[in-house]
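Single-letter residue listing:
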Amino acid sequence: LNKNIKKINISFTCYSSNIIRSRFPDIVIPDVTLPEYIFSNFNKFPNKIAVECAETGRKYTFEELRRKSINLNKALRKVLKLKHDDIIAVILPNVPEYPICILGSLLANLKVTTVNPAGTVDEIKRQMIDTDTKAIFTVCSLENHIRQVIRTLPAPVPIITIKTKTTDTTPEGFINFSELLDVSFAIDDKYLAKTNDIAIIPYSSGTTGLQKGVLHSHSSLVSLICQLRSPYVVFTKPTTENFQETLPVVLPFFHIYGFTSLLITQLSIMSKIVTLSKFTPEIFVNVLEKHKPRLLCVVPPLFLFLTNSPLVTQKHLKSVEYVFSGAAPLGPKDEERLVIKSEEKLQVVQGYGLTEAPVVTVNSNNDHYTAGTVGKPLQNTEIKVVSVENALAEPLAKNEEGEIFVRGPQVMCGYYNNPKETESTFVNGWLRTGDLGYYDEYNNVYIKDRLKELIKVKGYQVAPAELEDLIRSYPNVTDAVVIGIPHEKYGEVPRAYITLKPKTNINLKSLEEFVSSNVSTYKQIQGGFSIVDSIPKTASGKYLRKDLKVQYLKNNM
Ligand code: 4UV
């Protein structure tokens, strides 16, 4: 039928007792593009609200989303003359227009790279240049920032701006988003995308090095929605005439968790998404009170806020039946404290995923659930645990710790323009996750540690290589290595070790300011700097980050 079915057949032939799968049957994945799949249900309840802004109340129905996406697709081709395969950047906070930008672009068979709107000029510029971006979606409030970005790009790029406040005016030279999609051009609204075409390109540092574009096809995203919509997984009830789930979404749509489990999956099941463009305790708590969600999708720092903030009381948790946490570790004791606060009314559910394989496991249906597990493989997904020393060795048995490998239709196609990294990330068709873990007799998976360099601050990715490169550019610094150290609120924060030119010194405060002014807030070296005589390395010159971490934990914990 299509590529996915072939993959499933391959997985059956390679079945081995140490490869774990869902105990539920595989799903047949429809051979359609992402917009077609998402729109396929919209005519059931065209007039229900699909997305609403928590701050301004701006909202769109499912029919408005569909119509505006179609119009946008035509305007992108007719007015902006974008051609299929061009890459368009979405540099937006969580706003209700986000899905229109995504679906409109995909209908025109453009590829979308999702960008952190809080990134620095340099960070955004790097992603624009790497993808050779042909147009940008943004909000009026980011005008100055975006002007600085485009000034440094090799060619002019059209900028489509969304007004988020009534007082906003479209900046000079920028394109007004609503004007662009309020006209329906008399051109064919058919598009050229095929299911194996690339749809989105979020960025990730993978197991090593700098951020790179992760290629997800229409097919991998449709597969993922099907896997999450399965009756064995879903936590949301189907939309009916009298019922619609409401999900407050503060997790950013540019990150794979917000994009997949929230944006596209919840749209396809016709839940109502309430967007929060940033986290402020008061607004978040008001949203809980106003919208009374049954399901909350969070990352551990938000989970801890729910547990520890005096602003969140019984009243706010009353409607909540499930709190779903992912993107960073959450311990069994953390889970327990929130359950106790809710007077045992809510259930904690964890999911595990990567930008490269958006969701791999979830725990659901109380199926031999153990606190602290990230759950069982989704359907159509295989997991094996392999010796850290030898990725080609036979998979390990239950309860044996090793590196987790994944295979399934939701796994990325590779890294953009980076065959070398793609090749080293796949081993015989399996994606290596760079995570250390094991599974138990019920196929519950546990993540114990990260083998890869990646640091996770508040669930966001921080690539040590990027910070090291920046620190090394500072006068008198000869070498730098960055590790993640535990942090009570954020999970982890970066800490830097540096060596200096002989007989020189530096002002660490100035170095800290230099780093802060060049990277996003969450990437700052909040764990402090340490000047050392030498940095431990392997014979081949690889930093021994683990040694530094062990040493730090010994001295400080
Ligand atoms: O690439 P990334 O930033 O991707 C993510 C994605 C997480 C998702 C996505 C959709 C979901 O529904 C969901 O539940 C979770 O975080 O970072 C990937 C790395 O983050 C760590 C692990 O090291 C991954 O390789 N990580 C992700 N989830 C968990 C986790 C978890 N539940 N527990 C521990 N570590």
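See the structure shown above.
Residues numbered from 1 in each chain as written. Predicted model: local features only at pLDDT ≥ 70, side-chain atom pairs only at ≥ 80, totals over all residues. Heavy atoms only, no water.

Turning our eyes to something else, we now look at empty space enclosed by the protein. Here the idea is plain: a probe the size of a water molecule rolls over the atoms and shows the empty space left. Enumeration over the complete set of coordinates arrives at two cavities of 30 Å³ or more. Of the voids in this model, the largest cavity is the one considered here, and its volume is about 150 Å³. Residue lining of the largest cavity: Leu228, Val233, Val234, Phe235, Thr236, Ser261, Thr265, Gln266, Ile269, Leu295, Cys297 and Phe324, and that is the complete set. Counting residues per element, the ones that place at least two in the lining of the largest cavity are helix H9 (256-268) and strand S14 (295-298). Of the voids in this model, the second largest cavity is the one considered here, and its volume is about 30 Å³. Looking at the lining of the second largest cavity, its residues break down into one nonpolar, two polar and two charged. (1 Å grid on protein atoms, 1.4 Å probe; cavity = no way out; pocket = protein on both sides within 12 Å on 5 of 7 lines; lining within 4 Å. Points joined across faces, edges and corners; volume = space filled by probe spheres on them. Helix = DSSP H or I, 4+ residues; strand = E, 2+ residues; numbered from the N terminus. Nonpolar A, V, L, I, M, F, W, Y, C, P; charged D, E, K, R; others polar.)

Our focus in this paragraph is the packing of aromatic side chains. Per the counting criterion, the structure on display carries 15 aromatic pairs. Ring centres 6.2 Å apart and planes at 70° place the aromatic pair Phe284 and Phe305 in the edge-to-face group. Residue Phe284 is located in helix H10 (residues 281-291), and its partner Phe305 is located in helix H11 (residues 300-308); the two are separated by 21 residues in the primary sequence. Classification of Phe305 by relative accessible area gives buried; the value is 14%. For the ring pair Tyr474 and Phe514, a centre distance of 5.0 Å and an interplane angle of 50° mean the geometry is tilted. In this pair, Tyr474 sits in the loop between helix H15 (464-472) and strand S27 (477-487) while Phe514 sits in helix H16 (residues 508-518), placing the two residues 40 residues apart along the sequence. Given a relative accessible area of 22%, Phe514 falls into the partly exposed group. (Phe/Tyr/Trp six-rings, centres within 6.5 Å; stacked < 30°, edge-to-face > 60°. Buried < 20%, exposed > 50% of the residue type's maximum accessible area, 1.4 Å probe, protein only.)

So, on to the sheet that holds strand S3 (residues 59-61). Spatial ordering of the open sheet is given by S3-S2-S13-S12, a layout of four strands whose pairing is mixed. Only two strands of the sheet have a single neighbouring strand rather than two, namely S3 and strand S12 (246-249). Neighbour to neighbour, the strand axes of the sheet diverge by 15° on average, direction disregarded. Summarising the sheet, strand S2 (residues 49-53) and S3 pair through three bridges and their orientation is antiparallel. (Pairing = 2+ DSSP bridges. Axes fitted to C-alpha atoms, helices over the stretch in contact; angles between N-to-C directions.)

Below, the discussion takes up the site of the ligand. Residues in contact with the ligand amount to 23 residues; listed here are only the nearest, Ser261, Thr355, Asp435, Lys452 and Lys456. A distance of 2.7 Å separates a nitrogen atom of the ligand from a polar backbone atom of Gly351. Measuring from an oxygen atom of the ligand, one finds a side-chain N or O atom of Lys456 at 2.6 Å. Those elements giving two or more residues to the shell around the ligand turn out to be H9, strand S16 (347-354) and strand S17 (357-362). Counting residues per element, the shell around the ligand draws most heavily on S16, at five residues. In the shell around the ligand, the residues fall into eleven nonpolar, eight polar and four charged. (Near = heavy atom within 4 Å. Polar contact = N/O pair within 3.5 Å; in protein donor to acceptor, adjacent residues only side chain to side chain.)

So, about the pairing of strand S19 (residues 382-386). With five of its five residues buried, S19 lies for the most part within the structure. Alternating residues of S19 divide into Glu382, Lys384 and Val386 and Ile383 and Val385, and every residue in both groups is buried. In the sheet, strand S1 (residues 20-21) pairs with S19 via two bridges, with the strands oriented antiparallel. What sits directly across from Arg21, in S19, is Glu382. Sheet topology places S19 next to strand S20 (residues 402-407); five bridges connect them, and they run antiparallel. Of the residues in S20, the one forming a bridge with Lys384 is Phe405.

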